[in-house]
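Per-entry structural report
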Amino acid sequence: MPRTTRPARPARPALLGLAVAAVLAPLAAAPLVTSPAAADPASAATATGTTTTGSTGAPVADPRPAARARHSLRGDLTDQSFYFVMGDRFANGDPSNDRGGLEGEREVTGFDPTGKGFFNGGDLVGLRERLDYVQGLGTDAIWLTPVFKNKPVQLEDGPSAGYHGYWITDFTQVDPHLGTNEDLAALVDAAHERGMKVFFDIITNHTADVIGYEEGARTAYVPKDVEPYRTAGGRAFDDRDVAGRAFPELDAATSFPYTPVLEEGEEDLKVPAWLNDPRMYHNRGNTTFTGEDSQYGDFFGLDDLFTERPEVVEGMLDIYRTWVGDFGIDGFRIDTMKHVNDEFWQEFGPGMVDYARAHGKDDFFMFGEVALDGSGTAAKAFTSRYTTTDRMQSVLDFPFQDAARGFASRGGSAAAVARFFTADDWYTDADSNAYQLPTFLGNHDMGRFAHFLRADNPGADDAELLRRDVLAHELMYLSRGNPVVYYGDEQGFAGEGGDQLARQTMFASQVPEYADDTQLGTDRTGADDNFVTDHPLYQAIAGLDALTEEHPALRDGALQVRHADDGPGVVAFSRTDAREQVEYVVAVNNSTEARTAAVPTYAARAGFRLVHGDGPADLVTGRDRSLPVEVGPLSTVVYRATRALPASARAPRIELDRPAPAAAARGRMQVRADVDTTSFAEVTFLARRAGGAWRSIGTDDSAPYRVFHDTSALPTGARVDYRAVVLDNAGHTRSSQVRAARVAAPTLTLDAGADEAGTVSSIDPVTVTAGVDPERADQRVRFERRVGAGDWTRLGVDSSSPVYTWRDDVTGLPVGSRVRYRATLLEPGTPAVRSDVVTVRTAEPVAQRDRVVVAGDLQSEIGCPGDWDPACEQSRLAFDPTDGRWHATFALPAGSYSWKIAVDGGWEENYGAGGAAGGDNLALDVPDGGGDYLFTWDQVSHVPSVEPAG
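Attention shifts here to the overall build of the chain. When its secondary structure is counted, the chain shows 16 helices and 52 strands. By the compact-globule yardstick of 30 Å for 950 residues, the chain fits well, its C-alpha radius of gyration being 29 Å. If you line up the chain on its principal axes, its C-alpha atoms span 95 × 70 × 55 Å. The buried share among the 950 residues of the chain stands at 58%. For the chain, the proportion of contacts with a sequence separation of at least 24, taken over those separated by at least 6, is 71%. A total accessible area of about 34500 Å² is found for the chain, and carbon and sulfur atoms account for 49% of it.

A few words on the packing of aromatic side chains. Evaluated as defined, the whole model comprises 48 aromatic pairs. Taking 5.4 Å as the distance between ring centres and 70° as the angle between the ring planes, the aromatic pair formed by phenylalanine 82 and phenylalanine 367 counts as edge-to-face. In this pair, phenylalanine 82 is assigned in strand β1 (residues 82–85) and phenylalanine 367 in strand β15 (residues 365–368), connecting sequence segments 285 residues apart. Across the pair, exposure class does not vary: phenylalanine 82 and phenylalanine 367 are buried alike. Summarising the aromatic geometry, the rings of phenylalanine 171 and tyrosine 320 are spaced 6.4 Å apart at their centres and angled 80° between planes, so their arrangement reads as edge-to-face. Within this pair, whereas phenylalanine 171 is found in strand β6 (residues 168–174), its partner tyrosine 320 is found in helix α7 (residues 310–327), the two being separated by 149 residues in sequence. Here phenylalanine 171 falls in the buried class, since its relative accessible area comes to 1%. Its relative accessible area of 0% is what places tyrosine 320 among the buried residues. Joined through ring pairs, the aromatic side chains of Phe148, Phe171, Phe200, Tyr320, Trp323, Phe327, Phe332, Phe344, Trp345, Phe348 and Phe364 make up one cluster. Seen from the ring of tyrosine 435, arginine 74 lies directly overhead, with NZ or CZ sitting 3.5 Å from the centre. The ring of tyrosine 229 is capped by arginine 284, whose NZ or CZ atom sits 4.5 Å from the centre of that ring.

Among the residues of helix α11 (residues 414–422), those classed as buried are Ala414, Ala415, Val417, Ala418, Phe420 and Phe421. Structurally, α11 contributes buried residues whose contacts are with α9 (377–384), α10 (398–409), α13 (462–478), β19 (558–564) and β20 (570–576). Capping the start of α11 is the job of one residue whose side-chain oxygen sits 3.0 Å from the backbone nitrogen of alanine 415: serine 413.

In this section: the nonpolar core. Counting 157 residues, the largest nonpolar core has Tyr83, Phe90, Tyr320, Trp323, Phe332 and Phe348 as its most contacted members. Not counting residues up to four positions away in its chain, the partners in contact with phenylalanine 348 are Ile202, Thr204, Val313, Met316, Leu317, Tyr320, Ile334 and Met366.

The next subject is the state of the cysteines. The final tally for this structure, using the stated rule, is 1 disulfide. The disulfide that involves cysteine 864 links it to cysteine 872, with 2.0 Å between the sulfurs. The disulfide joining cysteine 864 to cysteine 872 has a torsion of about -100° about its S-S bond and is therefore left-handed. Of the two residues, cysteine 864 and cysteine 872, neither departs from the other in class, the shared state being buried.

This next bit is on the packing of helix α12 (residues 449–456) against α13. As a packed pair, α12 and α13 sit with axes 10 Å apart at the nearest point and diverge in direction by 130°. Here α12 lies oblique to α13, going by the angle between them. Crossing geometry of α12 relative to α13 is assigned as right-handed. Along its contact with α12, which presents Phe449, Ala450, Leu453 and Arg454, the element α13 presents Leu465, Arg468, Asp469 and Ala472. Counted by class, the contact of α12 with α13 contains 5 nonpolar, no polar and 3 charged residues.

Positionally, threonine 548 belongs in helix α15 (residues 536–550). You can call threonine 548 buried: its relative accessible area is 1%. Polar side-chain contacts of threonine 548 include one of 2.8 Å to the backbone oxygen of aspartate 545. Beyond its immediate chain neighbours, meaning those up to four positions away, threonine 548 contacts Tyr477, Leu478, Leu554 and Arg555.

What follows deals with the side chain of arginine 405. The residue arginine 405 is located in helix α10 in this model. Residue arginine 405 is classed as buried on the basis of its relative accessible area, which comes to 16%. Reaching out from arginine 405, the side chain makes a polar contact with the side chain of aspartate 456 at a distance of 2.9 Å. Each residue touching arginine 405, except ones within four places of it in the same chain, is listed here: Arg410, Phe449, Phe452 and Asp456.

A sheet is described by the order of its strands in space; here 8 strands give the open sequence β16-β15-β14-β7-β2-β1-β18-β17, paired in parallel fashion. If you trace the sheet from one side to the other, it starts and ends with β16 (394–395) and β17 (438–439), each paired once. Pairing of strand β2 (residues 141–144) with strand β7 (residues 197–202), which is carried by 4 bridges, proceeds in the parallel orientation. Within the sheet, the bridge partner assigned to isoleucine 142 lies in β7 and is valine 198. Against the sheet, helix α8 (residues 342–358) contacts β7, β14 (331–334) and β15, and its axis sits at roughly 155° relative to β15.

Here we come to α7. With 18 residues, α7 should reach 26 Å at 1.5 Å per residue; the first-to-last C-alpha distance of 26 Å fits that figure. For α7, the set of buried residues is Val312, Val313, Gly315, Met316, Leu317, Ile319, Tyr320, Arg321, Trp323, Val324 and Phe327. Where α7 is buried, its residues meet β3 (148–150), β6, α5 (181–193), β7, β14 and α8. Glycine 328 sits one or two residues past α7 and shows a positive phi near 70°.

Bringing the environment of valine 611 into the picture now. Looking at the element boundaries, valine 611 is found in strand β23 (residues 607–612). According to the relative accessible area criterion, valine 611 is partly exposed, its value standing at 27%. Put simply, valine 611 and glutamate 784 are 173 residues apart on the chain and 65 Å apart in space, counted from C-alpha to C-alpha.

Okay, the pattern of salt bridges next. Under the definition given, this model contains 56 salt bridges. Here aspartate 529 and arginine 130 are joined by a salt bridge, their closest N and O atoms 3.5 Å apart. Highlighted residues: aspartate 529 in the loop between α14 (512–515) and α15 and arginine 130 in the loop between α3 (124–129) and α4 (131–136), separated in sequence by 399 residues. Judged by relative accessible area, arginine 130 falls into the partly exposed class, the value being 30%. Across the pair aspartate 225 and arginine 807 runs a salt bridge, and its minimum N-O distance is 2.7 Å. Taken together, the residues aspartate 225 in the loop between β9 (211–213) and β10 (229–230) and arginine 807 in strand β41 (residues 804–808) connect sequence positions 582 residues apart. In this structure aspartate 225 comes out as partly exposed when scored by relative accessible area, which is 26%. One salt-bridge network, in which partners are shared between bridges, spans Glu156, Asp157, Asp209 and Arg218.

This paragraph deals with the confidence of the model for the chain. For the chain, mean pLDDT is 92; residues scoring 70 or higher make up 93% of the total. Within the model, the stretch residues 1–63 combines pLDDT values under 50 with 151 contacts to residues more than four positions away or in other chains.

Omega for the peptide link from valine 271 to proline 272 comes to 0°, which places this bond in the cis form. Structurally, the position occupied by proline 272 is in the loop between β12 (260–262) and α6 (293–296). For the bond from aspartate 773 to proline 774, the omega torsion is -5°, close enough to zero to count as cis. Even without glycine at this site, threonine 336 takes up a positive phi of about 50°. Along the chain, the position of threonine 336 falls in the loop between β14 and α8. Overall, threonine 336 belongs to the buried group, its relative accessible area being 7%. For arginine 605, which is not glycine, the phi torsion reads 55° and is therefore positive. Here arginine 605 is to be found in the loop between β22 (595–600) and β23. According to the relative accessible area criterion, arginine 605 is exposed, its value standing at 53%.

Rules behind the numbers
- Once a new chain begins, its residue numbering starts again from 1 and follows that chain's sequence as written.
- The predicted nature of this model means local features are confined to residues of pLDDT at least 70 and side-chain atom pairs, given and counted, to a pLDDT of 80 or more, with totals for whole chains, interfaces and linings taken over all residues.
- Excluding hydrogens and water, the side-chain figures rest on all heavy atoms present in the structure.
- In this description a helix means any DSSP run of H or I spanning at least four residues, a strand means any run of E spanning at least two, and both kinds are numbered starting from the N terminus.
- Our radius of gyration is a C-alpha quantity, and the globule rule it is checked against amounts to 2.2 Å times the number of residues to the power 0.38.
- Summary of the burial criterion: residues with accessible area below 20% of their type's maximum are buried, those above 50% are exposed, and those between are partly exposed, where the area comes from a 1.4 Å probe applied to protein chains only.
- Every residue pair with non-hydrogen atoms within 4.5 Å of one another is taken to be in contact.
- All accessible areas in this document rest on Shrake-Rupley with a 1.4 Å probe, and a residue is counted as covered only by the protein chains that are shown.
- Each Phe, Tyr or Trp ring (for Trp, its six-membered ring) is paired with any other whose centre lies within 6.5 Å, and the angle between the two planes then decides the class: stacked below 30 degrees, edge-to-face above 60, tilted in between.
- In this analysis the charged atom, NZ for Lys or CZ for Arg, is taken to sit over a ring once it is within 6 Å of the ring centre and within 35 degrees of the ring normal.
- Polar contact criterion, stated in full: a pair of N or O atoms within 3.5 Å, where within protein one must be able to donate a hydrogen and the other to accept it, and residues adjacent in sequence count only if both atoms are side-chain atoms.
- Nonpolar cores were defined as sets of buried Ala, Val, Leu, Ile, Met, Phe, Trp, Tyr and Cys residues, with membership established by side-chain atoms within 4.5 Å.
- Any cysteine sulfur atom paired with another within 2.5 Å is treated as part of a disulfide.
- Axis definition: a line fitted to C-alpha atoms, over the contacting stretch in the case of helices. Angles run 0 to 180 degrees between N-to-C directions.
- Should an angle fall under 35 degrees it is taken as roughly parallel, and over 145 as roughly antiparallel, whereas 65 to 115 is taken as roughly perpendicular and any remaining angle as oblique.
- Should the near helix be turned anticlockwise from the far one by less than a right angle, the crossing is termed left-handed; should it be turned clockwise, right-handed.
- Each residue receives one of three labels: charged for Asp, Glu, Lys and Arg, nonpolar for Ala, Val, Leu, Ile, Met, Phe, Trp, Tyr, Cys and Pro, and polar for the others, Gly being one of them.
- Between any two strands, pairing holds if DSSP finds at least two bridges.
- A helix's residues, less one, multiplied by 1.5 Å, set its expected span.
- By definition, a salt bridge exists where a carboxyl oxygen of Asp or Glu is found within 4 Å of a side-chain nitrogen of Lys or Arg.
- Scored between 0 and 100, pLDDT is the confidence that the predictor attaches to each residue.

Quick look at the structure:
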């Protein structure tokens, strides 16, 4: 049924809540663009060294580029506070839906309030009844885990139930365990009446595990260079060559490396109906989450959609347009974004935004999950490509989580946090930047922040851990981005790990692991109802949100890094609203001792007043514009200038540095401007192809002023002109000189999988992998090798993108042979690019794991205390260096057994049928009389096997 959006929550104070186009009088002369057009892909480039300037070498007096001076973009939603809720784990408002309308045991209904891997009873009615609690935190937007109908139980996974929402069978209705479509409509209406938005967690990468294969249900991944896709007529083709365009006709029986099959009775299980066509899936086996299979493989059997097909793109757009149009959903968090191809996002993102805006959702907002470790330049170069190359609005800021944990929990260097924020320029382009990234401290997959605190600080008492928790939230709320609170974190939930161990119920739990949870900042446990509004973390988070409501510059203002201690200590940054022109100074201290710092600001002899934290009520900057602050241990202070910045008398001088390809991403070019000012300024960067028009490629509002321009779609050698325009705080503009650059050739890197000593196994194939940056669908890579002092010989050519691989048989070479590999990139219209040479030496194979165990229901028959024990010594295999495999022989009585291989004492790494990671159990039938059986595991192919010994 169509829904209408109710009146929103009252706007923030008029002056501070104005749209980007509404500015104070001193800025009225500067032309503004509320929603800058995306940069024309044809106006991108990277530099290889060619540089020109204007005819005099000085800034060019050209009114047309200067007229393009803009304010740094603030997207439609850059000031939201999100509350992330797992529907089944929040509040049980309607016990009648606990079993989802099903009858029977938990393996049928999915419901077990004592099991952490099953539905525990929470629902949409319960969430609606608790909106007062949610809003009390200052929440602007509720982010719900997927509410769509799931496969109730997947017996292969534990078993476990679809309580989390990521095993969807019907994308058109709410899962009956959570309620009805009408319950959802009532929740959305109730939230809208309070001025809160509702965001769906959505999935485009996969569906529930319904498709099996004739060759086995959960099989090992088959690479495209081993078995390509084939048309219905039998012709091999690479899907990347036609991604997003008309696909050739496929045949389910012959087009895939595995033959997809559906269980009887499940042929029409999925909704919409097109999801039941097995040709709409990759059908290549289980992913290992690396390389090519990261985009093409099944997640532990979950059916991986063929997102390169235009039918899948349009089908997903139709599904999610309906939820926006009929229910007024305000935006999406998108699961597993990095496991879906670029072409999908380049269509899906703009398509959804256009539809939403055409249906009254002018501030519709999407952000994707691009999970990774680290917070350095490489991490930002990777995550930012989804908002630049892929045209999506935003991504979850995983690098922020890493930086915040390193600072607040691990006591890391303040300078590392400063470097993190300085690298925000990776996200800056014509229609997005870091200010709209949702930031978080923990989640339902990795674990809760309180758990990290305990793991990182084993000797700390509860008071210190609580202070560190607040410190992390201060860093999150007072820096750029949209802060996300994971439900229960405001109650000090901790847990003992990630995934199911981080998914406690807010209502009193019967799950042993949850009921025993010792929470931070309270003597309550998970066995209690935990909607406590006087919890110190609830109060601290609500207070931080209120602070940013009162001072919006702390959420939306330009973030300028000001000071950072080497080692634990103070990191300081200022926040300045381009319209208000009042500077705030935020100083955060992660040391366990009080610290002082002289924090640079924009103005000398300026007064500042304390608005958060403990310290002198008033401070004054010195002649050198520095503000002397003292910050208590594990504490934060915020000071606000008592007056606006002095208006600049004239535009500052601006010069453009020589553009150069970014070291972390060859397809991005760093364009940097030097601005001769000590006051607030913004710099808009422009690019044009020869003879073309100038186009904005982004505006930066903090030094160093720069953008990392996406040039991956341009041919090598293409010339592009660049310039920059500065806008000062009084509306004056000045343009830089012009610098020309030519797009650099891609880089080609090679890896032969050698160990730390540079050796490879003499009896196994050497897997040589080439990485190309930037990688494009029409590239090919030729591989060559040289043995000893011999000639270079050609191995072959791989054209199956995105990962280029060759497997070289070295079994005929003597042990100790020196083998060199090199590769050449072949791309139409581009000079060939050759990699560096990689040298390896063949050696006898060595064990690649510490412990390998046969685990299954046969373990008790061979001396283990119990079955399915991944750490049992009695069922351990031994490594044999003569054949490079693991073996053991066990005597077994007659019977039918199930087993698989477990590695290094746990289930984190395990292999089943065909060598699939997390694959199906293997079967072994022992006839009457029993016998001795030889179990083998191949550490290269990961394939387990068993045969009668003898």
